[in-house]
Amino acid sequence: VYFSAQHPRRGELAVTLVGPSGTTSRLAELNHDTNADYRAWRFGSIFHWGERDPGGVWKLLVSDVVRNGDMSNQQITQWNLILYGHHY
């Protein structure tokens, strides 16, 4: 996942990828990073290895952990999902 967002403290954001079969992968969680914004941040995960059918709906859930999930003053500017794999 390549992820861009405007937020004054990126360490306050939780970012979770949910695959079509319901598999979840926490890409970012509350941490001490006080820098602003994500700019084309690259996240990777092995939790989705073994997804039988990558076709379907993929979701990226983003919430401000400090503000009880409130993202009203923040903006997700872009996200892209790139899948790597092979066909059996």
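Look a little higher up for the structure.
Residue numbers here run from 1 along each chain, matching the order of that chain's written sequence. Only residues with pLDDT of 70 or above have their local features reported here, since the model is predicted, and side-chain atom pairs are shown and tallied only from 80 upward, although totals for entire chains, interfaces and linings are computed over all residues. Note that water and hydrogens are dropped before the side-chain values are worked out from all heavy atoms of the structure.

A. Layout of the overall build of the protein chain. Comment: elements are numbered from the N terminus, with helices defined as DSSP H or I runs of at least four residues and strands as E runs of at least two. What the protein chain contains, in helices and strands, is zero helices and six strands. For the protein chain, the sequential pattern of α-helices and β-strands runs β-β-β-β-β-β. Each residue's exposure class comes from its accessible area (1.4 Å probe, protein chains only) as a fraction of the maximum for that residue type: buried when under 20%, exposed when over 50%, partly exposed otherwise. Burial analysis of the protein chain (88 residues in total) assigns 33% to the buried set. Within the protein chain, counting contacts between residues at least 6 apart in sequence, those at least 24 apart form 69% of the total. For the protein chain, the accessible surface area stands at approximately 6200 Å², while carbon and sulfur atoms represent 50% of it. Lys and Arg are tallied as positive, Asp and Glu as negative. Neither His nor the chain termini are counted. A charged residue contributes its charge at one atom only: NZ of Lys, CZ of Arg, CG of Asp or CD of Glu. Counting 8 positive and 8 negative side-chain charges, the protein chain places the centres of these two groups 3 Å from one another. Residues are treated as being in contact if the distance between any of their heavy atoms lies within 4.5 Å. For every accessible area listed, the method is Shrake-Rupley and the probe measures 1.4 Å; residues are considered covered only by the protein chains on display.

B. Layout of the packing of aromatic side chains. Classification of ring pairs uses Phe, Tyr and Trp, with its six-membered ring standing for Trp, and accepts pairs whose centres are within 6.5 Å; under 30 degrees between planes counts as stacked, over 60 as edge-to-face, and the remaining range as tilted. Under the defined criterion, the tally for this structure stands at five aromatic pairs. Their ring planes at 55° and their centres at 5.9 Å tell us that Tyr38 and Phe43 sit as a pair that is tilted. Residue class for Tyr38 comes out buried when judged on its relative accessible area of 5%. Judged by its relative accessible area of 12%, Phe43 falls in the buried class. Here a set of aromatic residues connected by ring pairs shows up, and it is made of Phe3, Tyr38, Trp41 and Phe43.

C. A look at the nonpolar core. Grouping buried Ala, Val, Leu, Ile, Met, Phe, Trp, Tyr and Cys residues that are joined through side-chain atoms within 4.5 Å yields what is termed a nonpolar core. In terms of nonpolar packing, the biggest core is built from 14 residues, with Val1, Phe3, Val15, Leu27, Phe43, Leu60 and Val62 touching the most fellow members. Elements with a contribution of two residues or more to this core: β1 (2–6), β2 (13–18), β3 (24–28) and β5 (59–64). With three residues, the top contributor of residues to this core is β2. Excluding residues that lie within four positions of it along the chain, Leu60 makes contacts with Val1, Phe3, Val15, Thr16, Leu17, Leu27 and Trp79.

D. Geometry of the pairing of β2. Burial within β2 is extensive, with six of its six residues counted as buried. Side-chain alternation along β2 places Leu13, Val15 and Leu17 on one buried face and Ala14, Thr16 and Val18 on a second face that is also buried. In this sheet, β3 lies alongside β2 in antiparallel orientation, the contact comprising four bridges. Bridge pairing in β3 links Val15 to Ala28. Remark: five residues form the turn of the hairpin made by β2 and β3, two consecutive strands paired antiparallel; Gly22 in that turn has positive phi of roughly 100°. The pairing criterion is simple: DSSP has to find at least two bridges between the two strands.

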